[in-house]
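Residues per chain are reported as follows:
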Amino acid sequence: MAKKLIALAFTLIILFAIHNNSRFFVLIFLLPGVHSRTSRNKLGIAKPEQKLASGRLTLKKVGPNQVVVDNGIIQVTFSSPQGLITGIKYKGFDNVLNNKIKNRGYWDVMWYEPGQEQLIDLLEGVKFNVINQTSEHVEISFSRAWKISQRGSLVPLNVDKRYIIRRGVSGIYMYAVLEKLKGWPTVDMDQTRIVFKLNTKFDFMAISDQRQKIMPSEIDRDITNKRANPLAYKEAVRFVNPQNRIFKGQVDDKYMYSMENKDNKVHGWISSDQRVGFWMITPSDEFRVCGPLKQELTSHVGPTTLSMFTSLHYAGKDMNTTYTSMEPWKKVYGPVFVYLNSASSTNLLWTDAKRQMVEEVHSWPYDFVKSVDYPLHQQRGTVKGQFFVMDRYISNKSKLFGKFAFVGLAVPGEAGSWQTENKGYQFWTTADRMGIFTITNVRPGSYNLYAWVSGHIGDYKYERDITITPGREIDVGAILYEPPRIGATLWEIGKPDRTAAEFYIPDPDPILSTKLYLNNSYQPQDRFRQYGLWDRYTALYPRNDLVYIVGVSDYKKDWFYAHVTRNAGNGTYQATTWQIVFSLKAVIKTGNYTFRMALAAATTANLSVRINEPKSKPIFLIGLIGQDNAIARHGIHGLYNLYDINVGGNLLRVGNNTIFLTQDRRWGSFTGVMYDYLRLESPPEV
């Protein structure tokens, strides 16, 4: 009996060291009845390297406009030579995509020439080629070469979209090589992505262990038939007459489901009726932009699943998405993997999708990709070292281990420039408790080594360029970061972790709340993912602004997460001034104090700093800053900025002092900043 129970509830434990994240994933699966790439026995469970028994891998043209690839598990139909995915046949689905929508599986680029209107190009090919075809593997290409006669109608890029289907593999690998030649028109490309519009039978969305639930439909979002009411921006609606009554009164907004790049490895949809899962798996972040903390869209109501490569979300045009006429550029986006599975429950489907994600990450870089622009494992390099931090006012001139520091390689630039860089490749890892790091599978090229670590302000940049050649391992040894520091800490507010998550995040307006999780469970780490929190400031401070008293106030309760305007009604808004009140026992009148102000986000803000006199001339004025829109898009951070502000001792006094922080842009509800961390330092002689 015991053996039968073990056979029926087979436990597969996978322990992988994910090199490009320097963390260990321990996934324990009970997967009876999961049908996927790796199943080969009655229970549908097998070792990771096994493949699902399948028929012969075939490639055929159907009429003049279609190409069909079939491996006995999935059948994929492409428009030819455009290269759009029009159909995916799997299990009980004749098409897991939405047949009622013309474009349902496609790439697109949002682009424009300076001074011209914004356009969307679906990157449709004009030429179809078979790159590789064996009994185990098919790779096909849909390409086009840009011509000057197409200026104004097509984005000036050479395009080569590739799709790979393998025998025994329940999914599709996708990548594209995009190239802009020198001399071609200057162009802005603000967004590059893959989009899948799914069959409406997909009704359950999962993007993490906690963030998963039954979802409303696209029909429920229709404001024209009074099923929903519009809110402050077009992406957000409040359901008033949804088909499923459980959603009545809730808010839906695709930005609620955003995720940081470092965590965005697998997300997708489940058909509760058919017990089929559709998953977007991203095995590497090397082709993503703006570093590991860049937030991006995942899946949302439609049902829609995305693979976002480039966008202005949570960054704005501080990202340099302009490609000049004298700037040649070429980049490989992907491969990413669309994975399909079937099982008896949503939990098993999600667990199996995570298992497949781990396998894809472990297999990177893939050895079956047939492009000269995609270097294989032996053509890549490695960088390793040990990261230390020294802050003489914390460690008494002793080096501290850079515990869990983010360490990465990106295009050469200034310290911190990686968070707005999007044209090259980036490779990031997390150091261990002793600051030891290894960055593997780095493409050949020239890079700078960057780092930052929670608990310390600022950004580190290694003094030498790093040149990667095939097979080379570079050991930079012990590297030391000395965070900005002039004097001892007199007081501090918050934690230097590049987010505003530690500050007070209010409950949402009861009529605007959203149940984000399965079984309506409460997840405090995601309190900020609710609509309208910015307006709670006006409710809490209807007349007078926030006053924080150092030594008395608690930033977890008394420091609002976002410094926004006050809603005065009738579409008008008021500037707001926050006060930090602190006491000094002594003041060096001839000394220079330093006020460190780290921002976690900013949206069209103008922040000024005054000392003791609220009407005095500011000692510091940022000017117009920020386009990340993180306040409206439920992001607890956007782009990080650090300001070091000199405070003359003659401005301070013994006893109580006040720093006035005024945000005087009044352009709307979302105008403002999120603070990461604030600190006042004594003069160096103290």
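The rules behind the values
Residues numbered from 1 in each chain as written. Predicted model: local features only at pLDDT ≥ 70, side-chain atom pairs only at ≥ 80, totals over all residues. Heavy atoms only, no water. Helix = DSSP H or I, 4+ residues; strand = E, 2+ residues; numbered from the N terminus. Rg over C-alpha atoms; globule rule 2.2 N^0.38 Å. Buried < 20%, exposed > 50% of the residue type's maximum accessible area, 1.4 Å probe, protein only. Phe/Tyr/Trp six-rings, centres within 6.5 Å; stacked < 30°, edge-to-face > 60°. Lys NZ or Arg CZ within 6 Å of the ring centre and 35° of its normal. Pairing = 2+ DSSP bridges. Contact = heavy atoms within 4.5 Å. Salt bridge = Lys/Arg side-chain N within 4 Å of Asp/Glu carboxyl O. Axes fitted to C-alpha atoms, helices over the stretch in contact; angles between N-to-C directions. Polar contact = N/O pair within 3.5 Å; in protein donor to acceptor, adjacent residues only side chain to side chain. Expected span 1.5 Å × (residues − 1). Core = buried A, V, L, I, M, F, W, Y, C linked by side-chain atoms within 4.5 Å. Patch = residues over 30% accessible without salt bridge, like charges linked within 9 Å, V, L, I, M, F, W, Y side chains within 5 Å. Areas by Shrake-Rupley, 256 points an atom, 1.4 Å probe, with all protein chains shown as cover.

*Asks:* I would appreciate a short explanation of the overall build of the chain in the present structure.
*Replies:* Counting secondary structure elements, the chain contains 5 helices and 46 strands. Whereas a compact globule of 686 residues would reach a radius of gyration of roughly 26 Å, the chain reaches 27 Å, a difference of no more than 12%. Referenced to the eigenvectors of the C-alpha coordinate spread, the extents of the chain come out at roughly 85 × 75 × 60 Å. Within the chain, the proportion of its 686 residues that are buried is 58%.

*Asks:* Just to check I follow, could you spell out the packing of aromatic side chains for this structure?
*Replies:* Geometry of an aromatic ring pair is reported as the spacing of the ring centres plus the angle between the planes. On inspection of all chains with the given rule, the structure shows 47 aromatic pairs. Between Lys-399 and the ring centre of Phe-388, over which it is positioned, the NZ or CZ distance is 4.4 Å. We note Arg-498 situated over the ring of Tyr-640; from NZ or CZ to the ring centre the distance is 4.0 Å.

*Asks:* Mind showing me how you'd approach the sheet that holds strand S16 (residues 228-230) here?
*Replies:* The pairing of strands in a sheet comes from backbone hydrogen bonds and takes either a parallel or an antiparallel form. Within the open sheet, the 3 strands sit side by side as S16-S17-S18. Their pairing is antiparallel. With partners counted over all chains shown, the strands left at the sheet margins are S16 and strand S18 (251-252), one partner each. Of the pairings in the sheet, the one linking S16 to strand S17 (residues 237-239) comprises 3 bridges and is antiparallel in character. Counterpart to Ala-228 in the pairing with S17 is Phe-239.

*Asks:* Explain the environment of Arg-472 here, please?
*Replies:* Locating Arg-472 in the fold gives a position in the loop between strand S34 (466-468) and strand S35 (473-481). Among the residues examined, Arg-472 registers a relative accessible area of 39% and is labelled partly exposed. Between the C-alpha atoms of Arg-472 and Val-383, which are 89 residues apart in sequence, the distance is 8.5 Å. For Arg-472, the contacting residues outside a window of four places in its chain are Arg-380, Gly-381, Thr-382 and Thr-467.

*Asks:* Got a minute to help me understand the pattern of salt bridges in this structure?
*Replies:* Counting across every chain of the model gives 30 salt bridges. Residue Arg-167 pairs with Glu-136 through a salt bridge whose shortest N-O separation is 3.8 Å. Taken together, the residues span a long stretch of sequence, with Arg-167 in the loop between strand S11 (158-166) and strand S12 (171-180) and Glu-136 in the loop between strand S9 (127-133) and strand S10 (137-144) at a distance of 31 residues. According to the relative accessible area criterion, Arg-167 is partly exposed, its value standing at 28%. Among the residues examined, Glu-136 registers a relative accessible area of 34% and is labelled partly exposed.

*Asks:* Quick question: what am I supposed to make of the side chain of Asn-95 here?
*Replies:* If you trace the backbone, Asn-95 turns up in the loop between strand S6 (85-90) and strand S7 (105-112). Taking relative accessible area as the criterion, Asn-95 reaches 7% and is therefore assigned buried.

*Asks:* I tried to follow the sheet that holds S6 on my own but got confused; where do I start?
*Replies:* An order of S3-S4-S5-S6 is seen for the 4 strands of this open sheet, with the pairing classed as antiparallel. Since the sheet does not close on itself, it has two edges, and those belong to strand S3 (58-62) and S6, each with one partner. Strand-to-strand, the axes of this sheet are offset by a mean angle of 15°, without reference to chain direction.

*Asks:* How should the environment of Tyr-481 be read in this particular structure?
*Replies:* Looking at the secondary structure, you find Tyr-481 in strand S35. In this structure, the C-alpha to C-alpha distance between Tyr-481 and Gly-268, residues 213 residues apart in sequence, is 40 Å. At 3.2 Å, the side chain of Tyr-481 and the backbone nitrogen of Asp-459 are in polar contact.

*Asks:* Help me understand the pairing of S3, please; the structure alone is not making it clear to me.
*Replies:* As a general feature of sheets, a regular strand has side chains that alternate between the two faces. Taken together, the 5 bridges between S3 and strand S4 (residues 66-70) define a ladder with antiparallel strand orientation. Within S4, the position partnered with Val-62 by the bridge is Gln-66. As consecutive antiparallel partners, S3 and S4 are separated by 3 residues, and within that stretch Gly-63 has a phi angle of approximately 70°, a positive value.

*Asks:* Help me understand helix H2 (residues 346-362), please; the structure alone is not making it clear to me.
*Replies:* Each turn of an α-helix holds 3.6 residues, which means side chains three or four residues apart point in the same direction. Taking 1.5 Å as the rise per residue, H2 with 17 residues should run 24 Å; its terminal C-alpha atoms sit 24 Å apart, in good agreement. Judged by how many residues are buried, H2 sits mostly within the fold: 15 of 17 residues are covered.

*Asks:* Please explain the nonpolar core as it appears in this structure.
*Replies:* Across soluble globular proteins, you tend to see nonpolar side chains buried next to one another. Counting residues in each nonpolar core, the largest one holds 175 residues, and the members touching the most others are Phe-196, Trp-559, Phe-595, Met-597 and Tyr-675. Per-element tally for this core: the top contributor is strand S42 (residues 592-611), with 11 residues. Leu-293, Phe-406, Trp-418 and Tyr-450 belong to the second largest nonpolar core, which has 7 residues in total.

*Asks:* Quick question: what am I supposed to make of a nonpolar patch on the surface here?
*Replies:* A contiguous nonpolar surface patch, about 270 Å² in accessible area, is contributed by Phe-401, Met-434 and Ile-436. Here Ile-436 shows up in strand S31 (residues 436-442). Using a relative accessible area of 38% as the deciding quantity, one classes Ile-436 as partly exposed.

Function cannot be inferred from these measures alone, as they are strictly geometric.
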